[in-house]
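Tertiary structure, described
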Amino acid sequence: MIQRIQSLYLLMAMTALSVMFFFPLAVVNPLGDMPSYLNLTGVVYMEGHGVYTEARYWFIGFTALAVLLLAGMAFVLFSYRHRPRQIKLSRIVSLVLVLFAGFLLLGLDQVAAGMFKGLELETPLVQYRWPVYMPLVAMGFMWLAMRGIRKDEELVRSADRLR
């Protein structure tokens, strides 16, 4: 059924991941003038330095992977009639979520380094904001959902043994 507690955990994981679309993930401000905000979909503001052209490929990957994860979570949510498949899919989504978190941190550093090539910088290049940690929050909710699905499967198996 869709009213189970793991469904709420999956919805909270989807919400945590979708928050990343609305807030900046990082700020790049090495020169102390106008900051550049790195969103999930691209560089929001960067005046006077020109936009780093390779950055668009990183952000296409970020956006595509986030949409793929959201679709995977929705598929897990609506696969409630097939609990073994739901457990397998939630494990796969959790693995992709771990890869997404690493890909995101690596990619934001690469984009920031490419934006200001050849400059001698004294300050840190990227200042991460709170939305960058949302994949970790979503991972926690996915773990709780997998635990709830596993408990449901054990309950169904024990009821089948009693019949």
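Before reading further, recall that the structure is shown in the block above.
Residues numbered from 1 in each chain as written. Predicted model: local features only at pLDDT ≥ 70, side-chain atom pairs only at ≥ 80, totals over all residues. Heavy atoms only, no water.

Okay, the nonpolar core next. Among the nonpolar cores identified, the biggest contains 35 residues, and Leu17, Met20, Leu38, Leu40, Met73, Leu104 and Leu108 are the most heavily contacted of them. Secondary structure elements with two or more residues in this core: helix 1 (5–18), strand 1 (26–28), helix 2 (55–77), helix 3 (83–115) and helix 4 (134–162). The residues touching leucine 104, leaving out its near neighbours within four places in the chain, are Met20, Leu25, Leu40, Phe62, Val132 and Pro135. (Core = buried A, V, L, I, M, F, W, Y, C linked by side-chain atoms within 4.5 Å. Buried < 20%, exposed > 50% of the residue type's maximum accessible area, 1.4 Å probe, protein only. Helix = DSSP H or I, 4+ residues; strand = E, 2+ residues; numbered from the N terminus. Contact = heavy atoms within 4.5 Å.)

Summarising the element assignment, leucine 97 is placed in helix 3. Sequence-wise, leucine 97 and methionine 142 are 45 residues apart; in three dimensions their C-alpha atoms are separated by 9.5 Å. Once residues lying within four places of it in the same chain are set aside, the contact partners of leucine 97 are Leu17, Leu69, Met73, Pro135, Ala138, Met139 and Met142.

What follows is about the sheet that holds strand 3 (residues 126–128). Pairing is antiparallel across the open sheet formed by 3 strands, whose spatial order is 2-1-3. Across the chains shown, the open sheet's two edge strands, defined by having one partner strand only, are strand 2 (36–38) and strand 3. Adjacent strand axes in the sheet meet at a mean angle of 25°, parallel and antiparallel pairs treated alike. Where helix 3 meets the sheet, it contacts strand 1, strand 2 and strand 3, and its direction lies at approximately 150° from that of strand 3. (Pairing = 2+ DSSP bridges. Axes fitted to C-alpha atoms, helices over the stretch in contact; angles between N-to-C directions.)

Turning next to the environment of alanine 112. The topology assignment puts alanine 112 in helix 3. The exposure class assigned to alanine 112 is buried, which follows from its relative accessible area of 0%. Along the primary structure alanine 112 and valine 126 are separated by 14 residues, whereas in three dimensions their C-alpha atoms are 6.6 Å apart. If near-sequence neighbours (up to four positions away) are discounted, alanine 112 is found in contact with Val28, Leu125 and Val126.

On the surface, Ile5, Leu8, Leu11 and Met12 cluster together into a nonpolar patch covering about 340 Å² of accessible area. Position of methionine 12 among the secondary structure elements: in helix 1. (Patch = residues over 30% accessible without salt bridge, like charges linked within 9 Å, V, L, I, M, F, W, Y side chains within 5 Å. Areas by Shrake-Rupley, 256 points an atom, 1.4 Å probe, with all protein chains shown as cover. Salt bridge = Lys/Arg side-chain N within 4 Å of Asp/Glu carboxyl O.)

The subject of this paragraph is helix 1. Compared with the 20 Å implied by 1.5 Å per residue over 14 residues, the 20 Å span of helix 1 between its first and last C-alpha is a close match. The set of residues buried in helix 1 consists of Gln6, Ser7, Tyr9, Leu10, Ala13, Met14, Ala16 and Leu17. (Expected span 1.5 Å × (residues − 1).)

Another point: the pattern of salt bridges. Scanning the model with the defined rule gives 3 salt bridges in all. Ionic pairing is found between glutamate 153 and arginine 157, a salt bridge with its closest N-O pair at 3.1 Å. Residue glutamate 153 and its partner arginine 157 are located together in helix 4, separated by 4 residues, close to a single helical turn. Through salt bridges that share partners, Arg83, Glu153 and Arg157 make up one connected network.

The next subject is the packing of aromatic side chains. Applying the stated criterion across every chain yields a total of 3 aromatic pairs. Between the aromatic rings of phenylalanine 59 and phenylalanine 62, the centroid separation amounts to 5.4 Å while the plane-to-plane angle is 75°, which identifies the pairing as edge-to-face. One end of the pair, phenylalanine 59, and the other, phenylalanine 62, are both in helix 2, 3 residues apart, so they sit about a helical turn from each other. The same class applies to phenylalanine 59 and to phenylalanine 62, which are both buried. With 5.3 Å between their ring centres and 75° between their planes, phenylalanine 62 and phenylalanine 103 make a pair best called edge-to-face. Here phenylalanine 103 lies in helix 3 and phenylalanine 62 lies in helix 2, a separation of 41 residues in the sequence. (Phe/Tyr/Trp six-rings, centres within 6.5 Å; stacked < 30°, edge-to-face > 60°.)

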